[in-house]
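Tertiary structure, described
Here is how the chains run, residue by residue.
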Amino acid sequence: MKLCTPGFFCVGAQKSGTTALHHHLSRHPGVFLPSVKETHFFDDGHGEWSLGIAHYLATYFGGAPKDALVGEIDPEYLFFPEVPARLAQHFPDAKLIFILREPVSRAYSHYWMTVRRGREPLDFVDALDAESERMHGDHLSQSDFSYTRRGFYFEQVSRYLTYFPRGNLFFLLAEDLKREPQETLCRIYEFLDLPPMPYEPISEEESHHAYMPVSMGFQSLLDEKSGIKSVAKALLPVKVRRPMMDLMWRIQARNRKPFMAPAIAPELRARLRDHFAADIRQLQELIGRDLGHWLAERPSDVARRASQR
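Report follows, based on the coordinates. (Residues numbered from 1 in each chain as written. Predicted model: local features only at pLDDT ≥ 70, side-chain atom pairs only at ≥ 80, totals over all residues. Heavy atoms only, no water.)

This part covers empty space enclosed by the protein. Inspection of the entire model under this criterion finds two cavities of 30 Å³ or more. If you add up the space inside the largest cavity, you get close to 40 Å³. Together, His 24, Arg 27, Leu 185, Tyr 189, Met 197, Pro 198, Tyr 199 and Glu 200 line the largest cavity. Mapped onto the lining of the largest cavity, the elements with two or more residues apiece are helix H1 (18-27) and helix H10 (181-191). For the lining of the largest cavity, a count of residues per class yields five nonpolar, one polar and two charged. In this structure, the second largest cavity spans a volume of roughly 30 Å³. (1 Å grid on protein atoms, 1.4 Å probe; cavity = no way out; pocket = protein on both sides within 12 Å on 5 of 7 lines; lining within 4 Å. Points joined across faces, edges and corners; volume = space filled by probe spheres on them. Helix = DSSP H or I, 4+ residues; strand = E, 2+ residues; numbered from the N terminus. Nonpolar A, V, L, I, M, F, W, Y, C, P; charged D, E, K, R; others polar.)

Turning our attention to the sheet that holds strand E3 (residues 69-73). Strand order in the open sheet made by the five strands is E2-E3-E1-E4-E5, with parallel pairing throughout. Strands with a single pairing partner mark the edges of an open sheet, and in this sheet they are strand E2 (31-32) and strand E5 (169-173). Across five bridges, the pairing between strand E4 (residues 95-100) and E5 is parallel. Bridge pairing in E5 places Ile 99 opposite Leu 172. H10 contacts E4 and E5 of the sheet and is inclined by roughly 170° relative to E5. (Pairing = 2+ DSSP bridges. Contact = heavy atoms within 4.5 Å. Axes fitted to C-alpha atoms, helices over the stretch in contact; angles between N-to-C directions.)

So, in structure tokens, the structure goes:
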């Protein structure tokens, strides 16, 4: 039996709205997405790359209807440099969607996600100072602690342009989905040659709210480096491990309390904004979008600074 092959990938960036896009595309009757939102196959985050492309297609797209547009959404695919060549090797005609978020806010959101997962013991400033050293670690360390590294989008996007024609790339900003969701989704459907679909807002129950674990001990069981997961990975096949992990994540849904991150200090935001400025200017030329608002000081930061005088 011939398996369906992906016609599109949303490759990130992380913490930029890929979950919302997954939600909307999964509602479209002409689209098939894997039940696992992020397979990590092409960045080898779960050690499956060596199993081959037939394994990938059978595992994640075996149940796809023959007439569906098959795709995958995985924000790791933008960051890890080996991915573009791997995608082009197997799916050279695939269409690629990029969602990019203002890099300072993205880095801060990424930091708190790693804290909530029980993997980050440092405060934000110390974590930034330690980032360069941590990038010499294993795959998980690079994934978890790449707070500013992921925000240098110019090089990451340029890698894709080495392997794919520009016409196959579609660029979104995270604010597009927030400010003009209906118009933005219509543009995505048009890019993917899909018929339009009425926009439905994400309900309160379906929204992806931030949380902090009630028990960090249980949270550590979900850590990629935990002993339990290491043993399971060594002894059990993927088709057995996946349901076990799904069960653990369902249990974890009860081990959480609402959380709102504190505001980042205006001075730190300004320093980081300067850190990204040159890359932002290069990026806006590359993707043809005005990113001046990413470089401008936020009114809320101006107000906070004035109130502290």
